[in-house]
Amino acid sequence: PAQIAMACAPPAAIEPVAAASARVLGAQDTLPHTIFSPQDLLVVEGGMNAGLQLGQLFFVRRALRADGSYMGGTRSVTTAGWLRIVALNQTTSIARIEHMCGAIFKNDYLEPFAVPSVPPDPDRDDSTGELDFTALSRVVAAADNHRAAGPGEYVLIDRGADQGIVPGGRLAVYRDLRAPGMPLMALGEAVVMSTAAHTALVRINRARDAVLIGDYLVPRKTSSALRVEP
């Protein structure tokens, strides 16, 4: 279950969508439709000429803007599920849906599937360890372009491997109330699930209110959240 939940989360690295990415064209059905179900066999733009092979697994994803639309100004990525190529020719493939995280739409794009590596005890709430307020990060996105997340859900933060953040690290969640004289207020606890160079995917383990875009995360020095440099 932890691997499935993490596979359905946004990827830690938000890369531009390549123009040559294979995309969902539709379904093998008697009527055209743009939203697909687990029973549909999907028609994919791209075949052997694009390097696709029989039996390959792919994530199905789409880019989101801050206003929730699907084109341009990418801010986050939604993972709609994953599929397997079951037939193909030079230019077109047929794919079977292996798992749906949410709705799959026409024009969603494919990325190579990889089984996620889940850190130990990701759902364990660990609030031990001294907080390092010199290494603050901030929430920059939530799943499906939501502006809030709760326990068991995932957010992206603006620090990653290049800033010493590592999978399995524990983070405390804080909020700036923007009131004169008020310190940052403790909100909850989180764990680092995966990292890219400058961003990381974080799971919220505990929160007394919704975690919002702009909230702060503070690594715990004695956990593995922050690599200690010599």
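No experiment lies behind these values; they were computed from the predicted model shown. (Residues numbered from 1 in each chain as written. Predicted model: local features only at pLDDT ≥ 70, side-chain atom pairs only at ≥ 80, totals over all residues. Heavy atoms only, no water.)

(A) The sheet that holds strand S13 (residues 185-195), seen in detail. As summarised here, the arrangement of the six strands in space is S9-S11-S14-S13-S12-S16, forming a closed barrel in which the pairing is antiparallel. Across the sheet, the mean angle separating the axes of adjacent strands is 45 degrees when strand polarity is ignored. Sheet topology note: the strand S12 (residues 170-175)/S13 ladder contains six bridges and is antiparallel. Residue pairing for S13: Ala 172 is matched across the bridge by Glu 189. (Pairing = 2+ DSSP bridges. Helix = DSSP H or I, 4+ residues; strand = E, 2+ residues; numbered from the N terminus. Axes fitted to C-alpha atoms, helices over the stretch in contact; angles between N-to-C directions.)

(B) The pattern of salt bridges, seen in detail. On inspection of all chains with the given rule, the structure shows twelve salt bridges. Across the salt bridge formed by Arg 206 and Asp 125, the nearest N and O atoms sit 2.4 Å from each other. Note that Arg 206 is positioned in strand S14 (residues 200-207) and Asp 125 in the loop between strand S8 (109-112) and strand S9 (137-142), a separation of 81 residues in sequence. Overall, Asp 125 belongs to the partly exposed group, its relative accessible area being 37%. Connected via shared salt-bridge partners are Asp 125, Glu 189, Arg 206 and Arg 220. (Salt bridge = Lys/Arg side-chain N within 4 Å of Asp/Glu carboxyl O. Buried < 20%, exposed > 50% of the residue type's maximum accessible area, 1.4 Å probe, protein only.)

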